[in-house]
Amino acid sequence: MDFGKYVYRTLRGRLRYRMTSQSMLFLLFLSHIASGQIRYSIPEEMKKGSIIVNIALDLGIDMQRLRSGQARIVTGESIQYTELKTDKGTLVVNERIDREQLCGDITPCSFSFDLILENPMELHPVNILIQDQNDNPPQVLYPVQTGGSLVAEMVPRSADVGYLVTKVVAVDVDSGQNAWLSYKLQKATDRALFEVGLQNGEIRTIRQVTDKDVVKQRLTVIVEDNGQPSRSATVIVNVAVADSFPEVLSEFTDFTHEKEYNDNLTFYLVLALAVVSFLFITCLVVIISVKIYRWRQSRILYHSNLPVIPYYPPRYSDTLGTRTLQHVYNYEVCRTTDSRKSDCKFGRAGSQNVLIMDPSSTGTMRIQSEKNILDEPDSPLEVSSLSFPD
């Protein structure tokens, strides 16, 4: 494909630049004015506004030409990663460039655009190569790291030296040497029993398994990449040294239950301590508040100048300030049978008189009779009222 056809297809499809058919034909005849493609290489994850290069200086274009030619960048991508500063002739980062997001597994990773000037028309294709940076840690694919359950690899007690227990599988989305991974055994229940392949991540036995080896073995493997600085990931591998599955199940089930029991016990102890402390503080505050309230009430009554009004129960009145006397008394009246005789005759049964305190006068009582025998005509004695001196 000659350069004229390349310019035509670029301006029509990829650049999406609206021009007349006459202009297109004109460009075909004047394709000699277009320069060759220039390339730049930049690292990924550059900050927005960072200067990539002084493109005007590289192309030999002065500032006056940039302004008069209305220099601009045209790209067929949905995101414009670069921007042209016409006042300085520099090319700067317009959007954050993530190599993994832009190209994925494709290497090398790059994107292109065109610098266009008018009057006269100039076309400068530009290609930007993205250099990978070690911005992603390794990802462990196997063994799968679960939250609560325990996954263990079984090793029979009859296993020989070099027995393959399992293999740690990890990947790195970076490219180049940043994606080179190495495996190291960081911790182990018995470091003299297992080893990890540096390049392949295979876990193998390095001695004969004996009956003295514990059933539950725990290995901690670190996966590191080759970047600068390097990034790493940690994986836990559980190994069961046993000949039968029920033995493995019982051992790891007890371990899980014991861990859950300890966690629950700690939680309930902390909760009980918090509840007891809250109740104690609440009772203490209530007791102190009641004491303070009673003390304040006693102080208020002690300093008060209000008169004290005594209270007397109903049907009682004060007599001479010393004793009480009921308002109503029942009594019997005796009288003489004859004014000339001295013997007395008691009233008949059923004749009852009542002594009632008169509320209108102090110390005065009157007599009221349901059947007053003194009202008989032949009675020489008449009693109308009784008065008690004050």
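This report concerns the structure included in the present document.

Definitions and cut-offs
Residues numbered from 1 in each chain as written. Predicted model: local features only at pLDDT ≥ 70, side-chain atom pairs only at ≥ 80, totals over all residues. Heavy atoms only, no water. Helix = DSSP H or I, 4+ residues; strand = E, 2+ residues; numbered from the N terminus. Disulfide = S-S within 2.5 Å. Buried < 20%, exposed > 50% of the residue type's maximum accessible area, 1.4 Å probe, protein only. Core = buried A, V, L, I, M, F, W, Y, C linked by side-chain atoms within 4.5 Å. Contact = heavy atoms within 4.5 Å.

1. What about unusual backbone geometry?
- Between Thr107 and the following residue, Pro108, the backbone shows a cis peptide bond with an omega angle of -5°.
- If you trace the backbone, Pro108 turns up in the loop between α5 (99-103) and β6 (109-117).
- Between Tyr142 and the following residue, Pro143, the backbone shows a cis peptide bond with an omega angle of -5°.
- Backbone geometry places Gln70, a non-glycine residue, at a positive phi of 50°.
- Position of Gln70 relative to the elements: it lies in the loop between α4 (63-68) and β3 (72-74).
- Positioned with a positive phi, Asn119 is a non-glycine residue whose angle comes to about 55°.
- You can see Asn119 is positioned in the loop between β6 and β7 (122-131).

2. Examining the state of the cysteines
- Within this structure, the stated rule accounts for 1 disulfide.
- Residue Cys103 pairs covalently with Cys109 via a disulfide, S to S 1.8 Å. Negative torsions about the S-S bond denote left-handed disulfides, and the value of about 70° found for Cys103 with Cys109 makes this one right-handed. For the pair Cys103 and Cys109, one class covers both residues: buried.

3. Side note on the nonpolar core
- With 26 residues, the main nonpolar core has Ile55 and Ile128 as its most contacted residues.
- When contributions to this core are tallied by element, the ones reaching two or more residues are β1 (38-43), β2 (51-53), α3 (55-59), β5 (90-93), β6 and β7.
- Here this core takes 5 residues from β6, the largest share from any one element.
- Aside from chain neighbours lying at most four places away, what touches Ile55 is Ile38, Tyr40, Leu84, Gly89, Thr90, Leu115 and Val126.
- Counting residues in each nonpolar core, the second largest holds 20 residues, with Val165, Leu181, Val209 and Leu219 among its members.

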